Amino acid sequence: DAAAFLQNNSWIPKGQTCIKLERHGNNRHRVVFKRSEFSVQGRKLVGFLSKHVGASAYILSREAAGHLIDATQTINLSIDHFLFNPNNSPIFKRLRPSQILPAIAEQGGDVAASDIHGMRLTQRTYTLAYWQREAIRGLYEIRHIPKFILLAMRGRVKLEKVIFDPSGTRAA
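Asks: So what's going on with the overall build of the protein chain? Which residues, and what values?
Replies: Counting its regular elements, the protein chain contains seven helices and eight strands. Since a compact globule built from 172 residues should have a radius of gyration of about 16 Å, the 17 Å found for the protein chain is in line with a globular shape. Along the first, second and third principal axes, the C-alpha atoms of the protein chain reach 50 × 40 × 35 Å. Looking at the 172 residues of the protein chain, the share that counts as buried comes to 34%. Counting only contacts in the protein chain whose residues sit at least 6 apart along the sequence, the fraction spanning at least 24 positions is 78%. On the protein chain, roughly 10600 Å² of surface is accessible, and the fraction owed to carbon and sulfur atoms is 55%.

Okay, here's the thing in structure tokens:
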């Protein structure tokens, strides 16, 4: 039912600037979602606060496009981290991204394998710089955990797996 979402923008709540339509990652991956949600055409639209990479299907408002133009003189991140990773994105807070649940698109899945993953593995060198970068990446990941625990204890967030359902038949 993706056509129902892509034919017009009347379903998009006022003030929403960035909507992720896809599911990406392995089946174990979970995302920290806000408890507040909008019901849209049999699905949910829910804001997220944690890293949720993949950038093959998303909608940007004019406002969000303006933020991107202003912020993209130099980008030193992959676009999915630039858009959807609060750990190192300079514009994540301004975009206030949300996710359609269940997702109406899926990056990769069983259909298409990455054409760059193998190259990354063969060209990777385990130098001091590599291990420093991995340590910094790990610190970025864990620094938000206390905040997420406090928000979860207050009932303001939930940890949820994004599923892909192109037909919209699975309950959101």
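Asks: Any chance you could break down the environment of Leu21 for me, citing the residues and the numbers?
Replies: Turning to its location among the elements, Leu21 is positioned in the loop between β1 (18-20) and β2 (22-23). Leaving out residues up to four positions away in the same chain, Leu21 has contacts with Leu6, Ala57, Tyr58, Ile59, Gln99, Ile100, Ala103, Ile104 and Ala105.

Asks: Can you explain the nonpolar core? Please cite residues and give values.
Replies: Of all hydrophobic cores here, the largest spans 17 residues; its most connected members are Phe33, Phe48, Leu83, Ile91, Leu95 and Val162. Looking at this core, the elements that each hand over two or more residues are β3 (31-40), β4 (43-48), α2 (62-71), α3 (79-84) and α4 (92-95). Sequence-distant contacts of Phe33, defined by excluding residues within four places in its chain, comprise Val46, Gly47, Phe48, Gln99, Leu101, Arg156, Val157, Lys158, Glu160 and Val162. Judged by nonpolar contacts, the second largest core, of 10 residues, contains Trp11, Leu45, Ile100 and Ala105.

Asks: Residue-level account of the pairing of β4, with values.
Replies: Of all six residues in β4, six are buried; the element is thus mostly enclosed. Of the strand pairs in this sheet, β3 and β4 are connected by five bridges, and their pairing is antiparallel. Each residue of the ladder has a partner; that of Val40, found in β4, is Arg43. The hairpin formed by β3 and β4 contains two residues between the paired strands, and Gln41 there has a positive phi angle of roughly 45°. Two elements, β4 and strand β6 (residues 98-101), share four bridges in a ladder whose sense is antiparallel. Pairing of Val46 across the sheet is with Gln99, part of β6.

Asks: Could you give an account of the packing of aromatic side chains, with specific residues and numbers?
Replies: This model, assessed by the stated rule, comprises eight aromatic pairs. Judged by centre distance (5.7 Å) and plane angle (80°), the rings of Tyr58 and Phe84 are edge-to-face. In this pair, Tyr58 is assigned in strand β5 (residues 58-60) and Phe84 in helix α3, connecting sequence segments 26 residues apart. Taking relative accessible area as the criterion, Tyr58 reaches 28% and is therefore assigned partly exposed. With relative accessibility at 0%, the residue Phe84 sits in the buried group.

Reading the values: rules and limits
- Residues numbered from 1 in each chain as written.
- Predicted model: local features only at pLDDT ≥ 70, side-chain atom pairs only at ≥ 80, totals over all residues.
- Heavy atoms only, no water.
- Helix = DSSP H or I, 4+ residues; strand = E, 2+ residues; numbered from the N terminus.
- Rg over C-alpha atoms; globule rule 2.2 N^0.38 Å.
- Buried < 20%, exposed > 50% of the residue type's maximum accessible area, 1.4 Å probe, protein only.
- Contact = heavy atoms within 4.5 Å.
- Areas by Shrake-Rupley, 256 points an atom, 1.4 Å probe, with all protein chains shown as cover.
- Core = buried A, V, L, I, M, F, W, Y, C linked by side-chain atoms within 4.5 Å.
- Pairing = 2+ DSSP bridges.
- Phe/Tyr/Trp six-rings, centres within 6.5 Å; stacked < 30°, edge-to-face > 60°.

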